[in-house]
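As a plain string of letters, each chain reads:
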Amino acid sequence: MSEVKLAAETRTEFGKGAARRIRRDNKVPVVLYGHGSDPLHLTLPGHDLLLALRTPNVLISLDIDGKTNELAIPKAVQRDAVKGYLEHVDLLLVKRGEKVTVEIPVHAEGELAAGGNLLEHVLNALPVEAEATHIPEALTVSVEGLEAGASVLAKDIKLPSGVTLAVEEDAVVLQVLQAQAEEAAEGEGAEGGEEAAEA
């Protein structure tokens, strides 16, 4: 997995006004917490952090005030609903060799069996436990030739070495639905409406 180095500064100002000033300087207010230590309030460069967060569960190496280095992974990201810029980020302190529970995006590849079937992602991300510095970026699952009614369970997904499931083995991750069933249900609803109108 990728590790991104970012220069962090401790911050002493808090509240909405301070946060707005930080964002005006193209920085993002961040809270670093974990390992039973007091939360550390930081600012990080906005553009660099935005690029880093494009990678799910990115490992961030923080150079704090040029004095200390810490490793962290993103835990919660708040974005502006309209403009999409970062408003606030919570980072979780991790150590090399430590196991963490994270959600890994699941990508499907391959073509379903013929017949206009639909693939439903029941879980877009799979909860797993992995070593903090070896978190996979994504998990790829083949759905080649799957027919309506087929499903992919958590236990069916091949995990990299050292990664274990943090969800029930029988949890459904992907399932194949029959497209016609949905259209038929819509047709029945329309007929029911007409009968009600005639009555």
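About the criteria used
- Residues numbered from 1 in each chain as written.
- Predicted model: local features only at pLDDT ≥ 70, side-chain atom pairs only at ≥ 80, totals over all residues.
- Heavy atoms only, no water.
- Salt bridge = Lys/Arg side-chain N within 4 Å of Asp/Glu carboxyl O.
- Helix = DSSP H or I, 4+ residues; strand = E, 2+ residues; numbered from the N terminus.
- Pairing = 2+ DSSP bridges.
- 1 Å grid on protein atoms, 1.4 Å probe; cavity = no way out; pocket = protein on both sides within 12 Å on 5 of 7 lines; lining within 4 Å.
- Points joined across faces, edges and corners; volume = space filled by probe spheres on them.
- Nonpolar A, V, L, I, M, F, W, Y, C, P; charged D, E, K, R; others polar.
- Buried < 20%, exposed > 50% of the residue type's maximum accessible area, 1.4 Å probe, protein only.
- Axes fitted to C-alpha atoms, helices over the stretch in contact; angles between N-to-C directions.

Colleague: Would you mind going over the pattern of salt bridges with me for this structure?
Modeller: Working definition: two side chains of opposite charge can pair if their charged atoms are close together. By the definition in use, this model includes 3 salt bridges. Its salt-bridge partner being Glu9, residue Lys27 comes within 3.2 Å of it at the nearest N-O pair. Within this pair, whereas Lys27 is found in strand β2 (residues 27-34), its partner Glu9 is found in strand β1 (residues 3-10), the two being separated by 18 residues in sequence.

Colleague: Just to check I follow, could you spell out the pairing of strand β3 (residues 37-45) for this structure?
Modeller: Residues in a regular strand project their side chains so that they alternate between the two faces of the sheet. In terms of strand pairing, β1 meets β3 through 2 bridges, oriented antiparallel. By the bridge assignment for β3, Glu9 is matched with Thr43. Here β2 runs beside β3; their pairing, made up of 7 bridges, is antiparallel. Looking at β3, one finds that Pro29 is bridged to Thr43. Hairpin connection from β2 to β3: 2 residues lie between these consecutive antiparallel strands, with His35 at a positive phi of about 55°.

Colleague: Would you mind going over the layout of surface pockets with me for this structure?
Modeller: Over the atoms, a rolled probe matching the size of one water molecule traces out where space is still vacant. There is about 150 Å³ of room inside the largest pocket. As for the largest pocket, its lining consists of Arg23, Asn26, Lys27, Val28, Gly46, His47, Leu50, Tyr85 and Leu86. For the lining of the largest pocket, the leading source of residues is helix α2 (residues 46-52), giving 3 residues. Looking at the lining of the largest pocket residue by residue, the classes come out as 4 nonpolar, 3 polar and 2 charged.

Colleague: Looking at this structure, how should I read the environment of Ser37?
Modeller: Following the sequence through the fold, Ser37 ends up in strand β3. Looking at Ser37, the relative accessible area reads 37%, which means it is partly exposed. When the C-alpha atoms of Ser37 and Leu93 are compared, they prove to be 9.3 Å apart, with 56 residues separating the residues in sequence.

Colleague: Please clarify how the sheet that holds strand β8 (residues 118-121) should be interpreted in this entry.
Modeller: In any sheet, the strands associate via hydrogen bonds between backbone groups, in a parallel or an antiparallel arrangement. Across the sheet, which stays open at both edges, the 3 strands sit in the order β8-β13-β11 with antiparallel pairing between neighbours. Lying at the two open borders of the sheet, with one neighbouring strand each, are β8 and β11 (151-153). Between one strand and the next, the sheet's axes are offset by a mean angle of 15°, whatever the strand orientation.

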